[in-house]
Amino acid sequence: MSEVKLAAEVRNSFGKGAARSIRRENKVPAVVYGHGSEPVHVTLPGHELLLALRTPNVLLSLDIEGKNELAIPKAVQRDAIKGYLVHVDLLLVKRGEKVTVEIPVETEGELAPGSFLVENVLNTLTVEAEATHIPTGVTVSIAGLEAGASIHAKDIALPKGTTLAIDPEAVVIQILAAQAEEPAAEGEGDEAAEA
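Residues numbered from 1 in each chain as written. Predicted model: local features only at pLDDT ≥ 70, side-chain atom pairs only at ≥ 80, totals over all residues. Heavy atoms only, no water.

**Comments concerning the overall build of the chain**
Move 1: Along the chain, the regular secondary structure elements total three helices and 13 strands.
Move 2: With the principal axes as the frame, the chain shows a C-alpha extent of 75 × 50 × 25 Å.
Move 3: Split into buried and exposed, the 195 residues of the chain put 32% on the buried side.
Move 4: Restricting to contacts in the chain with at least 6 residues of sequence separation, those with at least 24 account for 64%.
Move 5: Seen as two clouds, the 17 positive and the 29 negative side-chain charges of the chain have centres 19 Å apart. (Helix = DSSP H or I, 4+ residues; strand = E, 2+ residues; numbered from the N terminus. Buried < 20%, exposed > 50% of the residue type's maximum accessible area, 1.4 Å probe, protein only. Contact = heavy atoms within 4.5 Å. Lys, Arg positive; Asp, Glu negative; His and termini not counted. Charge placed at Lys NZ, Arg CZ, Asp CG, Glu CD.)

The following block contains the structure:
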């Protein structure tokens, strides 16, 4: 996992007006907290932050007034219509520290021949990993599976140094038989039309 370096400016103005002014400058208001320290309100470069957040659980190296801090995104607020970043909460982490995060679950492979559907019961997996080695996701093979098959959290191979932080028996993916609709019997449609 790579670190993304961002320059953070401490901000002293708060409220909707100040936040709008920051966003007009293509910057994003954020708050950095954790490890028992007082929250620090900062402004981050908008485009660079947007690119960094494309990687799930990205590790950010923040330069806050000459002091380097490591942080991971905890909450990201986006505009519902235009999708731009509105506000970001960042959690301070230290090298070697274990953190609990959610990583995306991807599937690969072809199901057994027939009419089967894949149901992703969980789209993400909650895991515990070292802050500087957070996996970007896990890939699960569904090759050859048939209806009734399920993959539990304990069945998923995790990267070295990563452990499950949810019930190992939790169903992550299950395979279902496709349900075909029965055609309407003749005459039923005519009666409905007359009514």
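Still more ground to cover, so stick around.
**So, the side chain of N57**
Move 1: For N57, the location among the structural elements is in the loop between α2 (46-52) and β4 (59-64).
Move 2: According to the relative accessible area criterion, N57 is buried, its value standing at 13%.
Move 3: At 2.8 Å, the side chain of N57 and the backbone oxygen of E102 are in polar contact. (Polar contact = N/O pair within 3.5 Å; in protein donor to acceptor, adjacent residues only side chain to side chain.)

**Section: helix α1 (residues 16-24)**
Move 1: For α1, every residue scored as buried is listed here: A18, A19 and I22. In a view along the axis of α1, the buried residues occupy a sector of 100 degrees, so they form one face of it. With respect to the buried face of α1, the exposed residues turned more than 90 degrees away are K16 and R24.
Move 2: Packing partners of the buried residues in α1 comprise β2 (27-34) and β3 (37-45).
Move 3: Positive phi appears at N26, one or two residues downstream of α1, with a value of about 60 degrees. (Arc of directions from axis to C-beta.)

**Some remarks on the nonpolar core**
Move 1: The biggest cluster of nonpolar side chains holds 22 residues, and the ones touching the most others in it are L125 and I173.
Move 2: Every element with two or more residues in this core is listed here: β5 (67-78), β7 (98-108), β9 (124-130), β10 (138-141) and β13 (171-177).
Move 3: A total of four residues in this core trace back to one element, the largest contributor, which is β7.
Move 4: Once you skip the residues sitting within four places of it in the chain, I173 turns out to touch V105, T107, V118, E119, N120, V121, V140, I142, A149, S150 and I151.
Move 5: If you look at the next biggest cluster of nonpolar residues, it comprises 19 residues, including L6, V28, L60 and V88. (Core = buried A, V, L, I, M, F, W, Y, C linked by side-chain atoms within 4.5 Å.)

**Digging into the side chain of R11**
Move 1: With respect to the helices and strands, R11 occurs in the loop between β1 (3-10) and α1.
Move 2: Although R11 is buried, it forms no salt bridge, and the closest oppositely charged side chain is D89 at an N-O distance of 7.5 Å.
Move 3: A polar side-chain atom of R11 sits 3.3 Å from the main-chain carbonyl oxygen of A30.
Move 4: Among residues more than four places away in sequence, those in contact with R11 are I22, P29, A30, H41, V42, T43 and H87. (Salt bridge = Lys/Arg side-chain N within 4 Å of Asp/Glu carboxyl O.)

**Focus on the environment of V172**
Move 1: Counting through the fold element by element, V172 comes out in strand β13.
Move 2: A C-alpha to C-alpha distance of 9.1 Å links V172 and I156, two positions 16 residues apart in sequence.
Move 3: With residues near it in sequence (within four places) discarded, V172 still touches V105, E119, N120, V121, L122, L125, I151, H152, A153 and I156.

**A look at the layout of surface pockets**
It is the rolling of a water-molecule-sized probe over the atoms that shows where space remains empty.
Move 1: Considered as a void within the structure, the largest pocket measures approximately 210 Å³ in volume.
Move 2: Every residue lining the largest pocket is counted, 13 residues in all, and those nearest its centre are P56, N57, P73, K74 and V76.
Move 3: Elements that contribute at least two residues to the lining of the largest pocket include exactly β5 and β7.
Move 4: Its residues assigned to classes, the lining of the largest pocket comprises seven nonpolar, three polar and three charged. (1 Å grid on protein atoms, 1.4 Å probe; cavity = no way out; pocket = protein on both sides within 12 Å on 5 of 7 lines; lining within 4 Å. Points joined across faces, edges and corners; volume = space filled by probe spheres on them. Nonpolar A, V, L, I, M, F, W, Y, C, P; charged D, E, K, R; others polar.)

**A closer look at the sheet that holds β13**
Move 1: Here three strands make up an open sheet; going across it, the order is β8-β13-β11 and the pairing antiparallel. The sheet is open, and its two edges are formed by β8 (116-120) and β11 (150-152), each paired on a single side. Within this sheet the neighbouring strands show an average axis-to-axis angle of 10 degrees, counted without direction.
Move 2: Bridge count for β8 against β13 is five bridges, and the pairing is antiparallel. In the sheet register, V118 faces β13, and the bridge partner there is I175. (Pairing = 2+ DSSP bridges. Axes fitted to C-alpha atoms, helices over the stretch in contact; angles between N-to-C directions.)

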